[in-house]
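As a plain string of letters, each chain reads:
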Amino acid sequence: MSEPVYELLRSARRTLALEVARDGRVLVRAPMGLSQKRIDDFVSRHAGWIEEHQAIQRRRREARPEPTAAEREDCIRRAKECLPERVAHYSQIMGLYPTGITITGAEKRFGSCSGKNRICFSWRLMRYPEEAVDYVVVHELAHIRHKDHSKAFYACIEEILPDWRERRKLLRE
């Protein structure tokens, strides 16, 4: 096994962290003053983990290649049509109403809920089954009541979608 090539990002953090990006690049986040030797040793010790996660990312890219410009535009159009309707539907059921909805191009998150209860969805969500879309909608609405991922948060989701675990798995395939 050869030494992994990596991109080093230094900051005011206290710990070392590894990430394998979607494109397979290895990112190492390190504290400003940490020696290069300590960083290289850390990367060497995690070479197996890196290789495994690069393979996972390769499979993900093959299973869901980046959309063409036309596919992207279609996803954005469908997101603008579909997501406000789904949010309205589940808001009525849950009694939880966002202050607004935004469609973004986020690559790492399908949805988010701000502290002011504004919900953002990635247009990329439209590439997944309807059951998965509804899970993300309910998940983000639940954040209006619970700003964390506590047991109470998941209980709120389970009231609406008892099969939420299966729906969430659809997002990871």
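Below you will find a few notes about this structure. Numbering of residues starts from 1 in every chain and runs along the sequence as written. It should be noted that, the model being predicted, local features are given only for residues of pLDDT at least 70 and side-chain atom pairs only at 80 or more, the latter also being counted only at that level, while totals for whole chains, interfaces and linings use all residues. Computation of side-chain values covers all heavy atoms of the structure but excludes hydrogens and water.

**Overview of the side chain of serine 91**
Checked against the element boundaries, serine 91 lands in helix α3 (residues 69–94). Should any heavy atoms of two residues lie within 4.5 Å, those residues are considered in contact. Discounting chain neighbours no more than four positions away, the residues touching serine 91 are Leu96, Tyr97, Pro98 and Leu141. Secondary structure is summarised from DSSP: a helix means a run of H or I of at least four residues, a strand means a run of E of at least two, and numbering begins at the N terminus for each.

**A word on the packing of aromatic side chains**
How two aromatic rings sit relative to each other is given by the distance of their centres and the angle of their planes. The criterion for an aromatic pair is that two Phe, Tyr or Trp rings (for Trp, the six-membered ring) have centres within 6.5 Å, with stacked assigned to planes under 30 degrees apart, edge-to-face to planes over 60 apart and tilted to the rest. The final tally for this structure, using the stated rule, is four aromatic pairs. Here the aromatic rings of phenylalanine 110 and tyrosine 128 are separated by 5.0 Å at their centres, their planes lie at 75°, and the arrangement is edge-to-face. Here phenylalanine 110 is found in the loop between β4 (100–104) and β5 (111–113), whereas its partner tyrosine 128 is found in the loop between β6 (118–122) and α4 (130–145), with 18 residues between them in sequence. Exposure categories follow from relative accessible area, calculated using a 1.4 Å probe and restricted to protein chains: below 20% of the type maximum is buried, above 50% is exposed, and the middle band is partly exposed. Given the relative accessible area of 23%, phenylalanine 110 is considered partly exposed. What makes tyrosine 128 buried here is its relative accessible area of 15%. An aromatic cluster is present here, built from Tyr135, Phe153, Tyr154 and Trp164 joined pairwise through their rings. Taking the ring centre of tyrosine 128 as reference, the NZ or CZ of arginine 64 above it sits at 3.8 Å. Working rule: Lys NZ or Arg CZ, within 6 Å of ring centre, within 35 degrees of ring normal, means a charge sits over the ring.

**Examining the environment of arginine 60**
With respect to the element layout, arginine 60 can be found in helix α2 (residues 47–63). Taking relative accessible area as the criterion, arginine 60 reaches 40% and is therefore assigned partly exposed. Along the sequence, arginine 60 and cysteine 120 sit 60 residues apart, while their C-alpha atoms lie 23 Å from each other.

**Concerning the pattern of salt bridges**
Where charged atoms from two side chains of opposite charge approach closely, those side chains can pair. In the sections that follow, a salt bridge refers to a side-chain nitrogen of Lys or Arg positioned within 4 Å of a carboxyl oxygen of Asp or Glu. Evaluated as defined, the whole model comprises 15 salt bridges. The shortest N-O distance in the salt bridge between aspartate 23 and arginine 25 comes to 2.8 Å. The class for arginine 25 is partly exposed, based on a relative accessible area of 40%. One salt bridge connects arginine 165 with glutamate 158, and the closest N-O pair in it is separated by 3.9 Å. Residue classification places arginine 165 among the partly exposed residues on the basis of a relative accessible area of 41%.

**Thoughts on the sheet that holds β6**
The sheet built from three strands is open, its strands ordered β4-β6-β5 with mixed pairing. The strands lining the two open edges of the sheet, one partner per strand, are β4 and β5. With strand direction ignored, the average angle separating the axes of adjacent strands in the sheet is 15°. Two strands are said to pair when DSSP picks up at least two bridges between them. Here β4 pairs with β6 via five bridges, running parallel. Pairing of glycine 100 across the sheet is with arginine 118, part of β6. Set on the sheet, α3 makes contact with β4 and β6; between it and β4 the angle comes to about 145°. Angles run from 0 to 180 degrees between N-to-C directions of axes, and those axes are lines fitted to C-alpha atoms, restricted for helices to the stretch in contact.

**Let's talk about unusual backbone geometry**
If you check the backbone angles, asparagine 117 has positive phi at about 65° while not being a glycine. Tracing the sequence through the fold places asparagine 117 in the loop between β5 and β6.

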